[in-house]
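Architecture at a glance
Each chain is listed here by its residues.
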Amino acid sequence: MSFKSHTYASVFDMDGIPRLSQALPLALQHVVAMIVGCVTPAIIVSGAAGLPNEEKILLIQASLVVSALATFLTLFPVRIGSFRLGAGLPMILGVSFAYVPSMQSIAGTSGVSAILGAQIIGGIIAVLVGLSIDKIRRFFPPLIAGTVVFTIGLSLYPTAINYMAGGTGSADYGSWKNWLISIITLVIVTLLNHFAKGFVKLASILIGMVCGYVIAMCFGMISFDAVGEAAVVTVPQLFHFGLTFDPAACVALGLLFAINAVQAIGDFSATTTGGLDRQPTNQELKSGIVGYGVTNVIGACLGCLPTATYSQNVGIVTTTRVVNRATLGLAGMIILIAGLFPKFSALLTTIPYCVLGGATVSVFASIAMTGMKLVMSEKMTARNTSIVGLATALGMGITQASAALADFPAWVMTVFGKSPVVIATIAAILLNVTLPRDRETTAAEAEAAGTVMEDPTKS
């Protein structure tokens, strides 16, 4: 009797199963890049709502479990008749910071149930946006998608720098210890990324984090108290927090869901451009955004706050060019385990902010440069230069001087004063629609619509 040896896939291939020894470290990179960002919104919202500790734990664990389920759907779509639910792209989803300001306000006045009720309405709105993406897509040629991705990268820079300094609000924010550890971590990641080869190069972010973690431990900056206090097993409970459909909350979150559904085009574009050297197809966008809406409806029933695509994980894909879905699926499995076993997730959250900042600043830079690559795929005429420059200037400028909106209603500050991506997206679309096109621009857009957007899986 003879046995055929199993052929393992490459981590650079979308399909197939690679060796566990290669996939696990790369999956862990994605986990450590998103874990803190995934649980922090739940901590903030639970504090604003005044939840007791046991409900705070439920909110945190639901965030991890649903984020894992949303990631699985994005990686491995489900077919319902002729429709595919899920993009089928190498992406990680998690609870989004984009909704935090609105959720804090809602939690303080109407409670978590109002957030989850508004989330269901927002998820339905996202589904409608996804179903009409064929009509909306024409407003997002590579020039506009690139501007959005570029602004996403720029908007993440302050987060990285604040992390390097120790995390905003921490007692030792800006201390020399934080800066020393973050810079050492950054140097290690950079050196390995440019001088190492093979697996070590691919795992540069993880190795940098491990080195930074060990140094932070030597400085006594890591506490394992949270691990000891965490429960052994916690399972999300259906409708534990209830559902309340408050009109004001539904309007506030519904608008953000519509904007974030459109913004997701930027992350989808960054993933396919940086990892697959192509633009996302209309089918991938439609099924991906509809899946995003559906998982948020389901997540609300399980007590999870709104989720979205994670730009930092997009950055890892574009940096390493590891697009194997099984590898990212392994990351989703680790996130799921972290959600079911709180002690495991508590251990991951002991990673100091300075270590995360030092490791992720290069990732955020990669996102911005991916956006620039998209922008430069079109000829930079005077018209195109104006669109990119003005949209980015308005987006970054207004949010960095958000006090300029102090005399406007609070909802204006929440929608336009918190995220530069919202303003940049709207400005870029309006400029692209109103500014007169020259012949070169029209020809380039026609070529992009006729070739780049075609589904590569069709013969």
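Residues numbered from 1 in each chain as written. Predicted model: local features only at pLDDT ≥ 70, side-chain atom pairs only at ≥ 80, totals over all residues. Heavy atoms only, no water.

**Some thoughts on the overall build of the protein chain**
A tally of helices and strands in the protein chain yields 20 helices and four strands. In terms of overall dimensions, the protein chain is globule-like: its C-alpha atoms have a radius of gyration of 21 Å, near the 23 Å expected for 459 residues. Counting only C-alpha atoms, the protein chain reaches 65 × 65 × 50 Å along its principal axes. Burial analysis of the protein chain (459 residues in total) assigns 55% to the buried set. In the protein chain, once contacts between residues fewer than 6 apart in sequence are set aside, the share between residues at least 24 apart is 81%. Taken as a whole, the protein chain presents about 19300 Å² of accessible surface, with 67% of it coming from carbon and sulfur. Side-chain charges of the protein chain comprise 23 positive and 20 negative groups, with the mean position of each set lying 7 Å from the other. (Helix = DSSP H or I, 4+ residues; strand = E, 2+ residues; numbered from the N terminus. Rg over C-alpha atoms; globule rule 2.2 N^0.38 Å. Buried < 20%, exposed > 50% of the residue type's maximum accessible area, 1.4 Å probe, protein only. Contact = heavy atoms within 4.5 Å. Areas by Shrake-Rupley, 256 points an atom, 1.4 Å probe, with all protein chains shown as cover. Lys, Arg positive; Asp, Glu negative; His and termini not counted. Charge placed at Lys NZ, Arg CZ, Asp CG, Glu CD.)

**Description of empty space enclosed by the protein**
Within the structure shown, the criterion is met by one cavity of 30 Å³ or more. The calculated volume of the largest cavity comes to roughly 40 Å³. Forming the boundary of the largest cavity are L26, Q29, H30, I316, T320, V322, T327 and L328. Elements represented by at least two residues in the lining of the largest cavity include exactly α1 (20–49), α13 (311–320) and α14 (325–340). With three residues, α1 is the largest single contributor of residues to the lining of the largest cavity. (1 Å grid on protein atoms, 1.4 Å probe; cavity = no way out; pocket = protein on both sides within 12 Å on 5 of 7 lines; lining within 4 Å. Points joined across faces, edges and corners; volume = space filled by probe spheres on them.)

**Remarks on the state of the cysteines**
Applying the stated criterion across every chain, the model contains zero disulfides. In this structure C38 is a free cysteine whose sulfur lies 6.9 Å from that of C304, the closest cysteine sulfur available. For C38, a relative accessible area of 0% gives the class buried. Between C301, a free cysteine, and C304, which holds the nearest cysteine sulfur, the sulfur-to-sulfur gap is 11 Å. Relative accessible area serves as the criterion here: at 18%, C301 is assigned to the buried category. (Disulfide = S-S within 2.5 Å.)

**Topic: the nonpolar core**
By size, the foremost hydrophobic cluster in this structure holds 109 residues, and its most contacted members are M103, I115, L253, F268 and L305. If sequence neighbours within four positions are ignored, I115 has contacts with V45, M103, I106, A107, L253 and L305. (Core = buried A, V, L, I, M, F, W, Y, C linked by side-chain atoms within 4.5 Å.)

**A closer look at the packing of helix α11 (residues 247–276) against α13**
Between α11 and α13, whose axes approach to 8 Å, the crossing angle comes to 15°. Comparing their axes, α13 and α11 come out roughly parallel. By crossing handedness, the relation of α11 to α13 is classed as left-handed. Seen from α11, the contacting residues are D267, A270, T271, G274 and G275; seen from α13, they are S311, V314, V317 and T318. (Axes fitted to C-alpha atoms, helices over the stretch in contact; angles between N-to-C directions. Parallel < 35°, antiparallel > 145°, perpendicular 65-115°, else oblique. Left-handed = near helix turned anticlockwise from the far one by under 90°.)

**Here we look at the side chain of N384**
Within the secondary structure, N384 sits in helix α17 (residues 382–400). Judged by its relative accessible area of 2%, N384 falls in the buried class. Within polar-contact distance, the side chain of N384 engages the side chain of R383 at 3.3 Å. (Polar contact = N/O pair within 3.5 Å; in protein donor to acceptor, adjacent residues only side chain to side chain.)

**Digging into the confidence of the model for the protein chain**
Here the protein chain averages 82 in pLDDT, while 91% of its residues score no lower than 70. With pLDDT under 50 throughout, residues 448–459 is counted as low confidence; its partners more than four residues away or in other chains account for 13 contacts. (pLDDT = per-residue confidence, 0-100.)

**Points about α1**
In this model α1 runs 42 Å from its N-terminal to its C-terminal C-alpha over 30 residues, within 8% of the 44 Å that 1.5 Å per residue would give. Along its length, α1 shows its largest kink, about 35°, at M34. Positive backbone phi, at 70°, marks G50, one or two positions downstream of α1. (Expected span 1.5 Å × (residues − 1). Bend = angle between axes of the 7 residues up to and from the residue.)

**A few points about the packing of α13 against helix α16 (residues 353–375)**
Across the interface, α13 lies against α16 with an axial gap of 8 Å and an inter-helix angle of 75°. Taken together, the axis directions place α13 and α16 in an arrangement best described as roughly perpendicular. Together, S311, Q312, G315, I316, T318 and T319 of α13 and V363, F364, S366, I367 and T370 of α16 make up the contact between the two elements. A breakdown of the residues in the contact of α13 with α16 according to their chemical character gives four nonpolar, seven polar and no charged. (Nonpolar A, V, L, I, M, F, W, Y, C, P; charged D, E, K, R; others polar.)

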